[in-house]
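# Structural overview
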Amino acid sequence: MRVIVTKDYEDLGRVAANIIAAQVTLKPESVLGLATGSSPISTYKNLIKKYENGDLDFSRCYAANLDEYVGLTKDNDQSYAYFMYENLFKHVNIKMENTNIPDGTEPDAAKECARYDAVIKALGGVDLQLLGIGHNGHVGFNEPADCFAKGTNIINLTQSTIDANTRFFEKKEDVPTQAYTMGIKTIMSAKKILLVANGEGKAEIIYKMVAGEITPQVPASVLQLHNDVIVVVDEAAAAMLKEKAPEYIEG
Ligand code: F6R
């Protein structure tokens, strides 16, 4: 696991976008595993800039998103499908038919999970998986649990995740309580993983993920077992790691 510390969130976005751009340049038909949330926004902004400058071409890329809320339609402005369209897809030349995301409107969870696993398999797996991390160590929506989930699964979101998401909804009762998510095994099968995190609120979980015990109670800790993970964090998110286990930080 390589840990790169950037001076701030903007710089984090530049570094992470450079890594994704290198992937797409070297393999134009890359399958990009993508994440939503606040952490990757500066990364997406920088990818858009690169595209606009003529430095990046997504026309042969595929995308497979990590997760989607159960019950939200694609045009709901809190759905992850909507987020991806607004924050990346509509600004670049990726073909919408090459983008994939679990279908939050499918009520049959077993069917949807099997369908999404088949989609990822048909793509040949993920080349580069972009991840954020929850305060409790979740990746995708794989919440702390007794064991690591394998394929796509339906998750009952923990209260802390529901609370963290409440800021995006007008009413508390509108906050979804379930999500479909790629499983840990699928995430771990990605050839390369890029995790981004910023802000002091992420400092403790970044420390646990990088230097702590590998346990399904901190789902992201399993990334220690992957042989090609780059963690890009700003100074604030790196603070505890810097203090307690600086040997993990590059440079
Ligand atoms: C989003 C996702 C989540 C987020 C995590 C961090 O697709 O899979 O795991 O990455 O909840 O969210 P932010 O970036 O908003 O702090």
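Conventions and cut-offs
- Residues numbered from 1 in each chain as written.
- Predicted model: local features only at pLDDT ≥ 70, side-chain atom pairs only at ≥ 80, totals over all residues.
- Heavy atoms only, no water.
- Near = heavy atom within 4 Å.
- Polar contact = N/O pair within 3.5 Å; in protein donor to acceptor, adjacent residues only side chain to side chain.
- Areas by Shrake-Rupley, 256 points an atom, 1.4 Å probe, with all protein chains shown as cover.
- 1 Å grid on protein atoms, 1.4 Å probe; cavity = no way out; pocket = protein on both sides within 12 Å on 5 of 7 lines; lining within 4 Å.
- Sits in = over half its atoms within 2 Å of the grid points.
- Buried < 20%, exposed > 50% of the residue type's maximum accessible area, 1.4 Å probe, protein only.
- Helix = DSSP H or I, 4+ residues; strand = E, 2+ residues; numbered from the N terminus.
- Pairing = 2+ DSSP bridges.
- Axes fitted to C-alpha atoms, helices over the stretch in contact; angles between N-to-C directions.
- Core = buried A, V, L, I, M, F, W, Y, C linked by side-chain atoms within 4.5 Å.
- Contact = heavy atoms within 4.5 Å.

### Details of the site of the ligand
In the vicinity of the ligand there are 15 residues, among which S39, D67, H138, G140 and K202 approach most closely. In this structure, H138 approaches the ligand through a side-chain N or O atom, which is 2.7 Å from an oxygen atom. Between the ligand and G140, the relevant distance is 2.6 Å, taken from an oxygen atom to a main-chain nitrogen or oxygen of the residue. For the ligand, whose free accessible area comes to 410 Å², the fraction covered by protein is 90%. With respect to the pocket detection grid, the ligand is positioned in the largest pocket.

### Looking at the pairing of strand β7 (residues 153-156)
Side chains N153 and I155 project from β7 onto a buried face, and the interleaved I154 and N156 project onto a face without burial. As defined by bridge partners, β7 adjoins strand β8 (residues 178-181) across four bridges and the pair is classed as antiparallel. Within β8, the residue paired with I154 across the bridge is Y180.

### Quick word on the sheet that holds strand β4 (residues 67-69)
On the basis of which strands lie adjacent, the open sheet formed by three strands has the order β4-β8-β7 and antiparallel pairing. Each edge of the open sheet carries a strand with a single partner, namely β4 and β7. Put simply, the sheet's adjacent strands are angled 25° from each other on average, direction ignored.

### Description of the nonpolar core
Ranked by size, the top nonpolar core spans 34 residues in total, and within it L195, I206, M209 and L223 carry the most contacts. Those elements giving two or more residues to this core turn out to be α4 (109-122), α6 (184-188), β9 (192-197), α7 (203-211), β10 (229-234) and α8 (235-244). The greatest single-element share of this core, amounting to four residues, is contributed by α7. If we skip the residues at most four places from it in the chain, L195 touches L131, G132, I133, V139, I206, M209, L223, I230, V231 and V232. Core analysis: the second largest hydrophobic core is formed by 29 residues, L12, L56, F83 and M84 among them.

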